[in-house]
Amino acid sequence: MIPPTPLAYVVAGPLADRIFEPLMAADGLLAGSIGQILGVGPGRGIGLLFITMEIIAIIVTVAVYRYPRLWFIERELPDVI
């Protein structure tokens, strides 16, 4: 299995250049909606990528926090010494 951090480094550049930058270009698909908030032009695609990843991180954090079994994980797992 590939560790997630190196995979993220490899995927982030092409994802920003080929998907997010064209979406945030002056005539891109998101220029009229999100582009009015973040702006359009060079560099806005990577900004949108960062914002998207942080929103996903917040959603995952809230979802994991709401999983009651994780609240008491120290009670369920034995001490390893």
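The structure presented is a predicted model; accordingly, all values stated were derived computationally and were not measured. (Residues numbered from 1 in each chain as written. Predicted model: local features only at pLDDT ≥ 70, side-chain atom pairs only at ≥ 80, totals over all residues. Heavy atoms only, no water.)

A. Up close: the environment of Leu23. Of note, Leu23 is situated in helix H1 (residues 4-23). Separated by 14 residues in the primary sequence, Leu23 and Ile37 have C-alpha atoms spaced 14 Å apart. Not counting residues up to four positions away in its chain, the partners in contact with Leu23 are Gly28, Leu29, Leu30 and Ala31. (Helix = DSSP H or I, 4+ residues; strand = E, 2+ residues; numbered from the N terminus. Contact = heavy atoms within 4.5 Å.)

B. Region of the structure containing a nonpolar patch on the surface. A grouping of Met53, Ile56, Val60, Val64, Tyr65, Tyr67, Leu70, Trp71, Phe72, Ile73 and Leu77 is seen on the molecular surface, where their side chains present a nonpolar patch of about 1,100 Å² in accessible area. Within the residue set of the nonpolar patch, elements represented by two or more residues are helix H3 (44-65) and helix H4 (68-71). No other element matches the 5 residues that H3 contributes to the nonpolar patch. Summarising the element assignment, Leu70 is placed in helix H4. (Patch = residues over 30% accessible without salt bridge, like charges linked within 9 Å, V, L, I, M, F, W, Y side chains within 5 Å. Areas by Shrake-Rupley, 256 points an atom, 1.4 Å probe, with all protein chains shown as cover. Salt bridge = Lys/Arg side-chain N within 4 Å of Asp/Glu carboxyl O.)

C. The nonpolar core, seen in detail. Counting 5 residues, the largest nonpolar core is built from Ala16, Phe20, Met24, Leu48 and Leu49. For this core, the secondary structure elements donating two or more residues are H1 and H3. Beyond its immediate sequence surroundings of up to four residues, Ala16 is in contact with Glu21, Pro22, Ile46 and Leu49. (Core = buried A, V, L, I, M, F, W, Y, C linked by side-chain atoms within 4.5 Å. Buried < 20%, exposed > 50% of the residue type's maximum accessible area, 1.4 Å probe, protein only.)

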